[in-house]
Amino acid sequence: MQDNTLQLTAYLLASGLDPARTVLFAQSAVPRHAELCWVLTCLATQARLAHLPQYRERTAGGGDLGAGLLLYPVLQAADVLLYRATHVPVGADQLQHLQLAALLARTFRHRYGPAFPTPRALLPADGSDRVRSLRDPAKKMSKSDPDPKSRIVLADSDDAVRAKIRKAVTDFTPQVTFDPATRPGVSNLVLLQCLAEDKTPEEVTDEAGGLTTAQYKRVVAEALVSVLGPMRARAEELQSRPRLLRDVLRHGAARARRRADAVYADVAALTGLAPVELMEADKKLKVA
């Protein structure tokens, strides 16, 4: 877990996030997330949580699942509301989870008083919320897919990216067109090139005129390599400096805790929980 956290931090920084402008931290470093999650859990219903698509998908196969899976969307809501977020960038698959956060914000306001704004979704206009699996374009690209060939991972080598794109599922029509409804596989490749090169589907398909889908896959692979390669190199350089990454996370957590404490103090006052200043005084006594 520690290694994964540092790797993700390295890739976030390599992608362009600036710690001077971004509060970057590990969620577990801010206990108020879990505390607010419990308050919101008391406002959520089991029926509403069990209806969310990701939980239904995981339970469809049967088996005994942990309660954390059912309650995870409430923790997501706490992540959002703890910082009084007004707009949240999400993919289409997370819309219902953000709607739950909005519902919990309204329920809290009705029962206890105003503490949180109602968050709204920011859906990307570039199509990045609709990237599909390379092996089954009927499904979204997901890190939880058991087939590693179904997704592009930021840490993939150039050769791995090329191999995955080469084996991507398309169809039997050789021309390159963009029609997600009838040609989801090829359209997914077009979308990937659009995202890599900041182009429109029309520009990409015009440039691909005369290419077969097999030839076009090489174009897509090189477009991804050109944008992911430098990011991966920068991330690998950052990973060789774990102390720097830990410092970024430590400073970010300190900033996040200050904000979270202020919001949770209002929650405690509205709900009648122990005041935050008493909790902090108790911590100092224990340290002493």
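The residue numbers shown here count from 1 along each chain, following its written sequence. In view of the model being predicted, local features appear only for residues whose pLDDT reaches at least 70, and side-chain atom pairs are presented and counted only at 80 or more, with totals across whole chains, interfaces and linings using the full set of residues. Excluding hydrogens and water, the side-chain figures rest on all heavy atoms present in the structure.

**Q** Before we go on, may I ask you to explain unusual backbone geometry in this structure?
**A** Only a minority of non-glycine residues have a phi that is not negative, and only a minority of peptide bonds are not trans. Backbone geometry at R84 places phi at a positive 50 degrees, although glycine is not the residue there. With respect to the element layout, R84 can be found in the loop between helix 5 (67–81) and strand 1 (87–89). For R84, a relative accessible area of 31% corresponds to the partly exposed category. Of note in the backbone geometry, D198 takes a positive phi value of approximately 55 degrees without being a glycine. For the purposes of this entry, the term helix denotes a DSSP run of H or I that reaches at least four residues, the term strand denotes a run of E that reaches at least two, and both are numbered from the N terminus. Think of it in three bands: with a 1.4 Å probe and only protein chains considered, a residue is buried below 20% of the maximum accessible area for its type, exposed above 50%, and partly exposed in between.

**Q** I would appreciate a short explanation of the packing of helix 5 against helix 6 (residues 95–111) in the present structure.
**A** Angle between the axes and distance between the axes: these two values describe a pair of packed helices. Only the stretch in contact is used when a helix axis is fitted, and all axes are lines through C-alpha atoms; the angle between N-to-C directions ranges over 0 to 180 degrees. Closest axis-to-axis distance for the helix 5/helix 6 pair is 9 Å, and the angle between their directions is 65 degrees. Considered as vectors, helix 5 and helix 6 are oriented roughly perpendicular to each other. Here helix 5 runs over helix 6; the crossing is right-handed. Mapping the contact onto sequence places P73, V74, Q76, A77, V80 and L81 in helix 5 and H97, L98, L100, A101, L104 and A105 in helix 6. Put simply, angles under 35 degrees are roughly parallel, angles over 145 are roughly antiparallel, angles from 65 to 115 are roughly perpendicular, and the rest are oblique. Here a crossing is taken to be left-handed if its near helix is turned anticlockwise relative to the far helix by less than a right angle, and right-handed if that turn runs clockwise. Residue contacts are defined here by distance: any two heavy atoms, one from each residue, within 4.5 Å place the two residues in contact.

**Q** Got a minute to help me understand the side chain of Q76 in this structure?
**A** With respect to the secondary-structure elements, Q76 resides in helix 5. Overall, Q76 belongs to the buried group, its relative accessible area being 18%. Throughout this description, a polar contact denotes any pair of N or O atoms lying within 3.5 Å of each other; where both atoms belong to protein, one of them has to be capable of donating a hydrogen while the other can accept it, and for residues adjacent in sequence the pair is counted only when both atoms sit in side chains. A polar contact is formed between the side chain of Q76 and the side chain of H97, at a distance of 2.6 Å. If we skip the residues at most four places from it in the chain, Q76 touches Q94 and H97.

**Q** Would you mind showing me how to read the nonpolar core here?
**A** Generally speaking, nonpolar side chains in soluble globular proteins are found buried as a group. Buried Ala, Val, Leu, Ile, Met, Phe, Trp, Tyr and Cys residues form a nonpolar core when they are joined through side-chain atoms within 4.5 Å. Counting 34 residues, the largest nonpolar core has L36, L40, L104 and F116 as the members making the most contacts within it. Elements that contribute at least two residues to this core include exactly helix 2 (32–41), helix 5, helix 6 and helix 11 (242–271). With 7 residues, helix 5 is the largest single contributor of residues to this core. Discounting chain neighbours no more than four positions away, the residues touching L36 are A78, L81, L82, F116, Y264 and V267. In this structure, I165, C194, A221 and A223 belong to the second largest nonpolar core, which totals 23 residues.

**Q** Would you explain the environment of M231 in this entry?
**A** Along the chain, M231 falls in helix 10 (residues 213–239). According to the relative accessible area criterion, M231 is buried, its value standing at 18%. Ignoring anything within four residues of it in the chain, the contact list for M231 reads Y11, A14, S15 and L154.

**Q** For this particular structure, what's the right way to read the packing of aromatic side chains?
**A** The geometry of an aromatic ring pair is captured by two quantities: the separation of the ring centres and the angle between the planes. Paired rings are identified among Phe, Tyr and Trp, the last through its six-membered ring, by centres lying within 6.5 Å, and are further divided according to the angle between planes into stacked (under 30 degrees), edge-to-face (over 60) and tilted (the rest). Enumeration over the complete set of coordinates arrives at 3 aromatic pairs. Ring centres of F108 and Y112 lie 5.1 Å apart, and the angle between their planes is 50 degrees; on these two criteria the pair is classed as tilted. For F108, a relative accessible area of 0% puts it in the buried group.

**Q** For this particular structure, what's the right way to read helix 1 (residues 2–14)?
**A** Along an α-helix, residues three or four apart share an orientation, since each turn contains 3.6 residues. For a helix, the expected span equals 1.5 Å multiplied by the number of residues minus one. Taking 1.5 Å per residue, 13 residues should reach 18 Å; helix 1 reaches 18 Å between its end C-alpha atoms and fits that length. For helix 1, the set of buried residues is L6, T9, A10, Y11, L13 and A14. Looking at the buried side of helix 1, the elements it contacts are helix 10 and helix 11. Phi for G16, located one or two positions after helix 1, is positive at around 125 degrees.

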